[in-house]
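Here is how the chains run, residue by residue.
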2 protein chains.
Amino acid sequence: MSLRHPGAKLRPHTKAHKCTQIANLQQNYGHKTFTCATPREIIGMAAAGVGEDLLLANEVVDHDRLSALAKVSENQRVTIAVDSEYTIQAASHAGLRDVLIDINVGLKRCGVAPELAGQLADFARKQKMTVRGVMGYEGHLMMIDSHDKRKQRVSESMQLLARAAQDVGGEIISAGGTGTFDLHDSTCINELQAGSYALMDTHYAKLNLPFDQSCFVLGTIISKSDGWLVIDVGLKSLGMDHGNPTIDGYDVMFCSDEHTTIVPNKGQAETKVSVGDKLRVIPAHIDPTMAMHEMAFLVRGEEVIDAWSIDLRGW
Amino acid sequence: MSLRHPGAKLRPHTKAHKCTQIANLQQNYGHKTFTCATPREIIGMAAAGVGEDLLLANEVVDHDRLSALAKVSENQRVTIAVDSEYTIQAASHAGLRDVLIDINVGLKRCGVAPELAGQLADFARKQKMTVRGVMGYEGHLMMIDSHDKRKQRVSESMQLLARAAQDVGGEIISAGGTGTFDLHDSTCINELQAGSYALMDTHYAKLNLPFDQSCFVLGTIISKSDGWLVIDVGLKSLGMDHGNPTIDGYDVMFCSDEHTTIVPNKGQAETKVSVGDKLRVIPAHIDPTMAMHEMAFLVRGEEVIDAWSIDLRGW
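Residues numbered from 1 in each chain as written. Chains lettered and ligands numbered in written order. Predicted model: local features only at pLDDT ≥ 70, side-chain atom pairs only at ≥ 80, totals over all residues.

1. Notes on the overall build of chain A
A tally of helices and strands in chain A yields eight helices and 14 strands. For 315 residues, the compact-globule estimate of 2.2 N^0.38 gives 20 Å, and the C-alpha radius of gyration of chain A, at 21 Å, lies within 12% of that figure. Its C-alpha atoms give chain A principal-axis dimensions of about 70 × 40 × 35 Å. Sorting the 315 residues of chain A into buried and exposed places 53% on the buried side. Long-range pairs, those at least 24 residues apart, make up 59% of the contacts in chain A with a sequence separation of at least 6. (Helix = DSSP H or I, 4+ residues; strand = E, 2+ residues; numbered from the N terminus. Rg over C-alpha atoms; globule rule 2.2 N^0.38 Å. Buried ≥ 20, exposed ≤ 12 C-beta atoms within 10 Å, placed from the backbone. Contact = placed C-beta atoms within 7 Å.)

2. A short note on the interface of chain A and chain B
One frequent convention defines the size of an interface as the accessible area lost when the parts assemble. Counting from both sides, the interface comprises 40 residues of chain A and, opposite them, 40 residues of chain B. Elements with a contribution of two residues or more to the side of chain A that touches chain B: helix H4 (85–94), strand S8 (217–225), strand S9 (228–231), strand S10 (250–255) and helix H8 (286–290) of chain A. Among the elements that take part in the side of chain A that touches chain B, S8(A) stands out by supplying four residues, more than any other.

3. Quick look at the domain arrangement of chain A
As assigned here, chain A comprises domain 1 (7–205) and domain 2 (217–282). Relative to domain 2 of chain A, the C-alpha centre of domain 1 of chain A lies at a distance of 37 Å. (Domains from an automatic or database assignment.)

4. A look at the pairing of strand S1 (residues 33–36) of chain B
Residue and element names in this part refer to chain B. A two-sided burial pattern is seen for S1, the buried positions comprising Thr-33 and Thr-35 on one face and Phe-34 and Cys-36 on the other. By the bridge criterion, four bridges tie S1 to strand S2 (residues 53–56) in an arrangement that is parallel. Across the sheet, residue Cys-36 finds its bridge partner in S2, namely Leu-56. The handedness of the S1 to S2 crossover, carried by helix H2 (residues 39–48), is right-handed. (Pairing = 2+ DSSP bridges. Right-handed = clockwise from strand over helix to strand, strands pointing away.)

5. A look at the sheet that holds strand S9 (residues 228–231) of chain B
Residues and elements named next belong to chain B. One open sheet accounts for five strands, arranged S10-S11-S9-S8-S12; its pairing is antiparallel. Bordering the open sheet on either side are strand S10 (250–255) and strand S12 (278–281), each of which pairs with just one other strand. The mean angle between the axes of side-by-side strands here comes to 40°, regardless of whether they run parallel or antiparallel. Bridge analysis of S10 against strand S11 (residues 260–264) gives five bridges, and the strand direction is antiparallel. Bridge pairing in S11 links Tyr-250 to Pro-264. (Axes fitted to C-alpha atoms, helices over the stretch in contact; angles between N-to-C directions.)

6. A look at the sheet that holds strand S5 (residues 130–136) of chain A
Residues and elements named next belong to chain A. Judged by pairing direction, the sheet is parallel, and its seven strands sit side by side in the order S1-S2-S3-S4-S5-S6-S7 without closing on themselves. On the outer flanks of this sheet lie strand S1 (33–36) and strand S7 (191–192), each paired with one strand and no other. Pairing of strand S3 (residues 77–82) with strand S4 (residues 98–103), which is carried by four bridges, proceeds in the parallel orientation. In the sheet register, Val-82 faces S4, and the bridge partner there is Ile-101. Of the strands in this sheet, S1, strand S2 (53–56) and S3 are in contact with helix H2 (residues 39–48), which crosses S2 at around 170°.

7. Description of the relation of the copies chain A and chain B
Least-squares fitting of chain A to chain B yields an RMSD of 0.0 Å, with the transformation described by 0.0 Å of translation along the axis and a rotation of 180°. On this basis, the relationship between the two copies can be described by a two-fold rotation axis. No C-alpha of chain A approaches the rotation axis more nearly than that of Met240(A), which lies at 2.9 Å. (Least-squares fit on C-alpha atoms with pLDDT ≥ 70 in both.)

8. Things to note about the nonpolar core
Grouped together as the largest cluster of nonpolar side chains are 178 residues, with contacts concentrated most on Ile101(A), Val134(A), Ile101(B) and Val134(B). Residues contacting Ile101(A), with those up to four places away along its chain left out, are Val82(A), Val112(A), Ala117(A), Leu120(A), Ala121(A), Val131(A), Val134(A), Ala164(A) and Val168(A). (Core = buried A, V, L, I, M, F, W, Y, C linked by C-beta atoms within 7 Å.)

9. Observations concerning unusual backbone geometry
The backbone of Lys18(A) sits at a positive phi, close to 55°, despite the residue not being glycine. Following the sequence through the fold, Lys18(A) ends up in the segment before helix H1 (20–28). Of note, the phi angle at Met200(B) is positive, near 65°, even though the residue is not glycine. Mapped onto the fold, Met200(B) is located in the loop between strand S7 (191–192) and helix H7 (202–205).

10. Section: the packing of helix H5 (residues 117–126) of chain B against helix H6 (residues 147–168) of chain B
All names here are of chain B. Contact geometry of H5 with H6 gives a least axis separation of 8 Å together with a crossing angle of 35°. Here H5 runs over H6; the crossing is right-handed. Of the residues in H6, those in contact with Ala-117, Gly-118 and Ala-121 of H5 are Ala-164, Asp-167 and Val-168. Class assignment for the residues of the contact of H5 with H6 results in four nonpolar, one polar and one charged. (Left-handed = near helix turned anticlockwise from the far one by under 90°. Nonpolar A, V, L, I, M, F, W, Y, C, P; charged D, E, K, R; others polar.)

11. Topic: the pairing of S9(A)
All names here are of chain A. Here four bridges tie S8 to S9, and the two strands are oriented antiparallel to one another. Directly across from Ile-221, in S9, lies its bridge partner Ile-231. In this antiparallel pair of consecutive strands, S8 and S9, the connection spans two residues, and Gly-227 shows a positive phi of 120°. Two strands pair when backbone bridges link them, and S9 and strand S11 (residues 260–264) are joined in this way by three bridges, in the antiparallel orientation. Its bridge partner being in S11, Ile-231 is matched across the sheet by Thr-260.

What follows is the structure, given as structure tokens:
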């Protein structure tokens, strides 16, 4: 990812890993600007001294959280997304100064309509805020199967962002994610907000992206019956919104809170594994999976070489 | 629940709330025996001094975790489920003394086949362990729509447990959950392992049980567009394996990591809520939802009257 989008061309998203040590690794690859999804992520990144320019790519209206962000912004550049007069006033009253205008580029979520972006930027400037530019997130296009069709739709979506950028002014045009990382060569954006590429999951793996799976939940077989096995990794340790996890060589029957019941792939000989053996579970969605764990263990082969706190969890 | 299953007839399951303060409330209602799903839950309950007789209703093979449980058992009765010679030896080597034989009563998960339970109990006694009895979990029957059919199937399932209990000996015959709380009057069991009843969720609500929803994730509207609203409660704060959450008066379009996009129910007039307003989000599955949050806030009306740590999270 760093080869394709070096330095400030990539604003790595911390929401995918929630770990300042991984962010630090991304910084070592030349990225000093970061994207965050929660106040806690911004505060944690600043406390760890990672990054120089932190974007909260999300709307916040809670005064206490905004004030905490304003405090961080005394020593560190903090920019927040806004998409309404309400969010601008809330950020301004708390003492935040830098904003991006969040544009709706087709995903039915946050973001102002492109044609209203200019007047919202004017409103922010009247509150003495610095409008650094625009952001949009084409999240509704990440999983379009066909690469060509995805590229076409991203191009159309980014025309909405380009129009808004013209009306808003500022230097930043920020968008994108892991699923569209190679579709922005001819779009207006000057930075990509990708996160999942660093760890990956089976959902993004469907797109045949050039990023490898690097994160697993390690399960131990705790029970073996006539026809199935049970591992001690369940739905409390896996993001489930994209469905069941994957285990090489096995079919997943179902997940319970603390268990997953599996059977050897059809056509396979009877499995040779026993109670006490370990299996790697590949999450279907990496972001919520990381958010469920306190620590990540770094392994080289079978050796644990380090343990990193997943320290940006919570809100 | 305490009226129907007073005292030791109910062994409340901590996995549904993961909060020693709620367990303490259950103790105040007369329950001193508790069910846990993870070593951390046992250790946390003992540290908080709640309960007198803690059952880990799950198999564990990790020596470090078993040793930590054995340490707890020096001051507190700790019983662990076993379903194989391997799990018995692992528990025995770590210094645990009390076991229940976990019986497969039809759910394809842990549990020894009923006809093998007696010899497994003999094996445990040869390891100088105390076999306190049997447990089984009819989790595959919890969501059968028809009350009569559910009762019939539970009755059949518990015949498997009764047979095993006869072969195993001991005093405890433990099974059940919230979905079968009123179906055991004529079964063999002498204690019910129910947990969800205390907080409830929309999944169990489908069964029209006499328990009210008491837990909500409080969302704030952070964005309002022409046709939809966005709240700051997303799939990182909600167990998603039973599907989307529910919000009174709204239809949920979709959940993202940190957002849920909603529209007013069809036929409703345009909503009057604004950015900054708060809505109560009802989880579809309570157990994983509680496991995602650090604190529970107790409210009476609009007033926050206490804050309780969800201190049994993790493994």
